[in-house]
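# A closer look at the structure
These are the residues of each chain, in order.
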Amino acid sequence: MSNKTLGLESKLYQYFQDVSVREPDILKELRGETAKHPMSMMQIAPEQGQFMALLVQLMGAKKTLEVGVFTGYSALAVALALPDDGKIIACDINEEYTAIARNYWQKAGVDHKIDLRIAPALETLEKLIAEGQTNTFDFAFIDADKSNYDHYYEQALKLVRTGGLIAIDNVLWGGKVADQDIQDNRTQKIRNLNDKIYQDPRVNISLVPIADGLTLALKK
Ligand code: SAM
Ligand code: CA
């Protein structure tokens, strides 16, 4: 896992950030607080938050989904880019991490846009499908437990509309996916999903090597 863009040597990475990352103060503050957390490396990179915010604006997205909230950075980046009546249904199982998230969403004045569901994401997504919310989401960001990535992808594919976008995080997995000597469960799951999406006729794709790799899959 990596919370900075892979493969750029440090001087060039610094330059890349200097001339492109415009991190709002509230996101900077949240990143500072998350940095003290023992699991801080789970947070997305600021350049990725900015990229996802741009995508959401580009699409004119209003209704979005997030699977894996942690301390709320990615949801906050997206929420700041949504219109005032925009919505994120955000899934996580951890009350402690998401208490930090709620605090910052409130501070940023976007908590009314975020509907946090504390339950296993598979259950929350199944419930949304059962409620008839298929084909209604503009954007979905998948960033929770890697062992369920394929399920999240399949559920998100049902929930997003035609022309909607699914963004899947950590698809380059710190480079482990390219090393066939590495065969642990999470690496295999990500590798298998990458192979599957590459062949998947239901989507148009681009794997963007930002941060730890972000696959964009647009539902046809
Ligand atoms: N997107 C976040 C950010 O920008 O900081 C990082 C998310 S972190 C990599 C993964 C999150 O997935 C953790 O907060 C964890 O509690 C959550 N998670 C793990 N298993 C889950 C499950 N079965 N259902 C929902 N959330 C889960
Ligand atoms: Ca991630």
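Procedures and definitions
Residues numbered from 1 in each chain as written. Chains lettered and ligands numbered in written order. Predicted model: local features only at pLDDT ≥ 70, side-chain atom pairs only at ≥ 80, totals over all residues. Heavy atoms only, no water. Buried < 20%, exposed > 50% of the residue type's maximum accessible area, 1.4 Å probe, protein only. Helix = DSSP H or I, 4+ residues; strand = E, 2+ residues; numbered from the N terminus. Pairing = 2+ DSSP bridges. Salt bridge = Lys/Arg side-chain N within 4 Å of Asp/Glu carboxyl O. Core = buried A, V, L, I, M, F, W, Y, C linked by side-chain atoms within 4.5 Å. Contact = heavy atoms within 4.5 Å. Axes fitted to C-alpha atoms, helices over the stretch in contact; angles between N-to-C directions. Nonpolar A, V, L, I, M, F, W, Y, C, P; charged D, E, K, R; others polar. Near = heavy atom within 4 Å. Polar contact = N/O pair within 3.5 Å; in protein donor to acceptor, adjacent residues only side chain to side chain. 1 Å grid on protein atoms, 1.4 Å probe; cavity = no way out; pocket = protein on both sides within 12 Å on 5 of 7 lines; lining within 4 Å. Sits in = over half its atoms within 2 Å of the grid points. Points joined across faces, edges and corners; volume = space filled by probe spheres on them.

Attention now goes to the pairing of strand β1 (residues 63–67). For β1, the tally of buried residues reaches four of five residues, placing the bulk of the element in the interior. Two strands pair when backbone bridges link them, and β1 and strand β2 (residues 87–92) are joined in this way by five bridges, in the parallel orientation. Residue pairing across strands places glutamate 66 opposite alanine 90, the latter belonging to β2. In the sheet, β1 pairs with strand β4 (residues 137–142) via four bridges, with the strands oriented parallel.

Scanning the entire structure with this criterion turns up ten salt bridges. Glutamate 23 is the partner of arginine 31 in a salt bridge, and the nearest nitrogen-oxygen pair spans 2.7 Å. Judged by relative accessible area, glutamate 23 falls into the buried class, the value being 11%. Between lysine 107 and glutamate 29 there is a salt bridge whose closest N-O contact spans 2.5 Å. Here lysine 107, found in helix α5 (residues 95–107), pairs with glutamate 29, found in helix α2 (residues 25–35); they are 78 residues apart in sequence, far enough to count as distant. One salt-bridge network, in which partners are shared between bridges, spans Asp150, Glu154, Lys196, Asp200 and Arg202.

Formed by 35 residues in total, the largest nonpolar core has its most connected members in Leu76, Ile88, Trp105, Ile114 and Phe139. It is helix α4 (residues 73–81) that provides the largest number of residues to this core, a total of seven residues. Setting aside residues up to four positions removed in sequence, isoleucine 88 forms contacts with Thr64, Leu65, Glu66, Ala75, Val78, Ala79, Leu82, Lys113, Ile114 and Asp115. Listed in part, the 26 residues of the second largest apolar core include Ile142, Tyr152, Tyr153 and Val171.

On to the packing of helix α7 (residues 149–159) against helix α8 (residues 185–198). Where α7 meets α8, the axes come as close as 9 Å, and the angle between the chain directions of the two elements is 35 degrees. Between α7 and α8, the residues in contact are Tyr149, Asp150, Tyr153 and Glu154 and Leu193, Lys196 and Ile197, respectively. Its residues assigned to classes, the contact of α7 with α8 comprises four nonpolar, no polar and three charged.

In this section: the site of ligand 1. Among the 20 residues in the neighbourhood of ligand 1, the closest are listed as Gly68, Ser74, Asp92, Ala121 and Asp143. Phenylalanine 70 places a polar main-chain atom, nitrogen or oxygen, 3.1 Å from an oxygen atom of ligand 1. A distance of 2.6 Å separates an oxygen atom of ligand 1 from a polar atom in the side chain of aspartate 92. Among the cavities detected, the one that contains ligand 1 is the largest pocket. The class makeup of the residues in the shell around ligand 1 is 13 nonpolar, four polar and three charged.

Let us look at the layout of surface pockets. In this structure, the largest pocket occupies an estimated 570 Å³ of space. Along the wall of the largest pocket there are 31 residues; nearest its centre are Met42, Asp92, Asp143, Ala144 and Asp145. Breaking the lining of the largest pocket down by element, the ones donating at least two residues are α4, β2 and α6 (121–130). Empty space within the second largest pocket amounts to approximately 290 Å³. As for the second largest pocket, its lining consists of 16 residues, and the residues nearest its centre are Arg22, Pro24, Gly49, Gln50 and Ala53. Looking at the lining of the second largest pocket, the element that brings in the most residues is helix α3 (residues 46–59), giving seven residues. Broken down by class, the residue content of the lining of the second largest pocket amounts to eleven nonpolar, three polar and two charged.

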